Amino acid sequence: MSGVEITALTVIGHDGPVVHPLDARIEPGRTLAVIGESGSGKTLTAKSLVGLLPRGFRAEGSVRIGERTLALDAAQAAWRSVRGGTVTLLLQDPFTSLSPVHRCGDQIGWTLDAAAGRRLPSAERDRAIAERLAEVKLPAHVARSYPHQLSGGMRQRVAIAAALAADPQLLIADEPTTALDASNQAEILDLLRSVQQARSLCVILISHDLGMVRGRTDDVLVMRHGEVVERGMTATVLADPQHPYTRALIEADPTIAVSTHASDDRMPVAHDAPLLRATGVVKTFGDRLVLDGVALSIGAGQIAGVVGESGSGKSTLARCIAGLETEDAGEIVFDGERLAPGRRSRTPGQMQIVFQDPYSSLNPMMSIGAILREALRVARRPASEIHDLLETVGLPAEIARKRPAELSGGQRQRVAIARALAPRPRLLICDESVSALDVSVQAQILALLLRLREEIGIAVLFISHDLAVVRMIADSVTVLWNGRVVESGTCTQVLNAPRHEYTALLVAAARRENTMTALEIPRED
């Protein structure tokens, strides 16, 4: 195999080029990282290499994979002949790439059948599926599971097994660990690295997480506004960046090891009674115990972090507090009043929730103005306050005329926060609300949440798998493991001197081998 060579790759949209001509070469067994903020063109670059550009975009240039050269503007029939067997795309969210209504083994089997050009005999198929699962360190019985029955890390391993089942020569991994906790992130990337070396596979890794890129990729392209502003060996570029934009990205990367300017300098506000108190919360799904006697409290104006790996129960806890799930036992008290399980006992003015993916939670057919107008109507507030809401979250008034698809990820998340603020809630629940954003946009959203706390006194329940981000913003932190609280306290206490071995494991996984400059949360004007 002679590797991958990309020549004059260009992506053109409605208003002209959005990715300007770029060249790259990847040798067998090596990984090329492509980094940059949202809107930099890195995902469009990836999708142009598998013929999956969204409507309204077209690609120019060519890619040579092994002995085969393909024009990037080739017809879909040509792409279908290479997707899967020659080049494959691993997406950020395994729920996107895995069918929720088919067993995991069947989905791996489809790729095997496609590669063979026929349906394999059952015994041969089952043996090949078990081999693919073993390669990604999963037991054979996972083949009988549905994706929803697995943790996030296990789902991503299944997605990798399916992506590699047809023995492709090029794997493009687009933010493959964004939604995972630090320990699972490291495991997935280390797994990809070991599989890649065993197969002499060429890999393109799209990421906004510089800590994950460091030490696990060989070469890097830094993109901004559709142009490559810096390239070279990863270790050299990250250690001695030459372009100001690359330096800015590195300076915006959160590192738990050196985060000393945030919660360490803030003392939690003392309150006689917490705004919200949850005690003994239990939740089961079928025969699976997800929350086992969980307790949590948040004072008015406080930011409380909840951390844990995927499957620990943190999102289920948030949904129980918000009334989106019904707890089986326990007590949730808001401002001294016990809340019955379910949504009916909650009022919009008590609490609102902001989810991880703002694009999924915003109606793509409605303008931003219409989305906020609807939220204000439910809150019995006048539509004339739309501009005030946009101003509160740092967005210009003209955003109201646009639709979600026309905004960047950070702008969409600000809109989601503005919508949540429409009823003037006392508690804002943020469930992984910055995990899909690049580091500089993360910093802006965190700054916004801190400003909202300071200006309007809102309390925030901040759910995250990223300990570095939690430390930047939270006053206190609760650590969940297998549905139980194993440790809680101030961020400084818990993250500087963890008492429980699981917390110590999370902290160790979140530390970078080569630390970078701490994330400075920018001050908003």
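Cut-offs and rules
- Residues numbered from 1 in each chain as written.
- Predicted model: local features only at pLDDT ≥ 70, side-chain atom pairs only at ≥ 80, totals over all residues.
- Heavy atoms only, no water.
- UniProt positions renumbered as here; feature names shortened; annotations may be inferred.
- Helix = DSSP H or I, 4+ residues; strand = E, 2+ residues; numbered from the N terminus.
- Rg over C-alpha atoms; globule rule 2.2 N^0.38 Å.
- Buried < 20%, exposed > 50% of the residue type's maximum accessible area, 1.4 Å probe, protein only.
- Contact = heavy atoms within 4.5 Å.
- Salt bridge = Lys/Arg side-chain N within 4 Å of Asp/Glu carboxyl O.
- Pairing = 2+ DSSP bridges.
- Axes fitted to C-alpha atoms, helices over the stretch in contact; angles between N-to-C directions.
- Parallel < 35°, antiparallel > 145°, perpendicular 65-115°, else oblique.
- Left-handed = near helix turned anticlockwise from the far one by under 90°.
- Nonpolar A, V, L, I, M, F, W, Y, C, P; charged D, E, K, R; others polar.
- 1 Å grid on protein atoms, 1.4 Å probe; cavity = no way out; pocket = protein on both sides within 12 Å on 5 of 7 lines; lining within 4 Å.
- Points joined across faces, edges and corners; volume = space filled by probe spheres on them.
- Phe/Tyr/Trp six-rings, centres within 6.5 Å; stacked < 30°, edge-to-face > 60°.

With an unreviewed UniProt entry as reference, the protein chain is termed ABC transporter ATP-binding protein, source organism Microbacterium allomyrinae. For the record of the protein chain, the UniProt heading Sequence similarities (unreviewed entry) holds the text "Belongs to the ABC transporter superfamily."

*Asks:* Explain the overall build of the protein chain to me, and be specific about the residues and the numbers.
*Replies:* When helices and strands are tallied, the protein chain shows 19 helices and 20 strands. In summary, the protein chain has a C-alpha radius of gyration of 23 Å against a globular reference of 24 Å for 525 residues, a match within 12%. Looking at the protein chain as a whole, 55% of its 525 residues qualify as buried. Long-range pairs, those at least 24 residues apart, make up 70% of the contacts in the protein chain between residues at least 6 apart in sequence.

*Asks:* I'd love a proper account of the environment of Arg144, names of residues and values included.
*Replies:* On the secondary structure map, Arg144 appears in the loop between helix H5 (122–135) and helix H6 (152–164). Measuring from C-alpha to C-alpha, the distance between Arg144 and Ala322 comes to 33 Å, with 178 residues separating the pair along the chain.

*Asks:* Now, about the environment of Ile172: what can you tell me, with residues and values included?
*Replies:* Looking at where Ile172 falls in the secondary structure, it is placed in strand S7 (residues 170–174). Expressed as a C-alpha distance, the spacing of Ile172 and Leu32, which sit 140 residues apart in the sequence, is 9.5 Å. Excluding residues that lie within four positions of it along the chain, Ile172 makes contacts with Ala46, Leu49, Val50, Val87, Thr88, Leu89, Leu90 and Ile204.

*Asks:* How would you sum up the pattern of salt bridges? Please name residues and give values.
*Replies:* Pairing between side chains of opposite charge can happen when the charged atoms of each approach one another. Counted by the stated rule, this structure contains 22 salt bridges. When the shortest N-O distance is used, the salt bridge between Arg499 and Glu487 registers 3.9 Å. Of the two residues, Arg499 sits in the loop between helix H18 (491–496) and helix H19 (501–510) while Glu487 sits in strand S20 (residues 484–490), which places them twelve residues apart along the sequence.

*Asks:* Give a description of the pairing of strand S13 (residues 303–307) that names residues and reports values.
*Replies:* Taking burial as the measure, the five residues of S13 include five buried ones, the bulk of the element. Side chains of S13 alternate between two faces, with Ile303, Gly305 and Val307 and Ala304 and Val306 buried alike. The pairing of S13 with strand S18 (residues 459–464) spans five bridges and is classified as parallel. When the bridges of S18 are listed, Val307 appears paired with Ser464.

*Asks:* Break down the packing of helix H15 (residues 409–421) against helix H16 (residues 439–456) for me, citing the residues and quoting the values.
*Replies:* Across the interface, H15 lies against H16 with an axial gap of 10 Å and an inter-helix angle of 20°. On the basis of their axis angle, the class for H15 and H16 is roughly parallel. As for the relative orientation of H15 and H16, their crossing is right-handed in sense. On the side of H15, the interface is formed by Gly410, Gln413, Arg414, Ile417 and Leu421, while H16 contributes Val441, Gln444, Ile445, Leu448, Leu449, Leu452 and Ile456. Taken together, the residues of the contact of H15 with H16 sort by class into eight nonpolar, three polar and one charged.

*Asks:* So what's going on with empty space enclosed by the protein? Which residues, and what values?
*Replies:* Tallied over the entire structure, the rule returns five cavities of 30 Å³ or more. Taken as a whole, the second largest cavity holds about 80 Å³ of empty space. Together, Thr31, Leu189, Leu192, Arg193, Gln196, Val203, Leu205, Arg216 and Thr217 line the second largest cavity. Going through the elements one at a time, helix H7 (182–199) and strand S8 (202–207) are the ones with two or more residues in the lining of the second largest cavity. In terms of residues, the lining of the second largest cavity owes the most to one element, H7, which gives four residues.

*Asks:* Can you explain the packing of aromatic side chains? Please cite residues and give values.
*Replies:* According to the stated counting rule, one finds one aromatic pair in the structure shown. Centroid distance Trp481 to Tyr502: 5.5 Å. Interplanar angle 25°. Geometry classified as stacked. Taken together, the residues span a long stretch of sequence, with Trp481 in strand S19 (residues 476–481) and Tyr502 in helix H19 at a distance of 21 residues. For Trp481, a relative accessible area of 34% gives the class partly exposed. Assessed through its relative accessible area of 5%, Tyr502 is described here as buried.

*Asks:* Would you mind going over the sheet that holds strand S6 (residues 87–90) in detail, with residue names and values included?
*Replies:* Reading across the sheet, the six strands line up as S6-S7-S8-S3-S9-S10 and stay open at both edges, with mixed pairing between neighbours. In this open sheet, the two edge strands, each paired with only one partner strand, are S6 and strand S10 (227–233). Averaged over all pairs of adjacent strands, the angle between their axes in this sheet comes to 15°, without regard to strand direction. Here four bridges tie strand S3 (residues 31–35) to strand S9 (residues 219–224), and the two strands are oriented parallel to one another. Considered in S9, the bridge of Leu32 is made with Asp219. Those strands touched by H6 are S6 and S7, and its axis lies near 170° from that of S6. Of the strands in this sheet, S9 and S10 are in contact with helix H10 (residues 244–251), which crosses S9 at around 100°.

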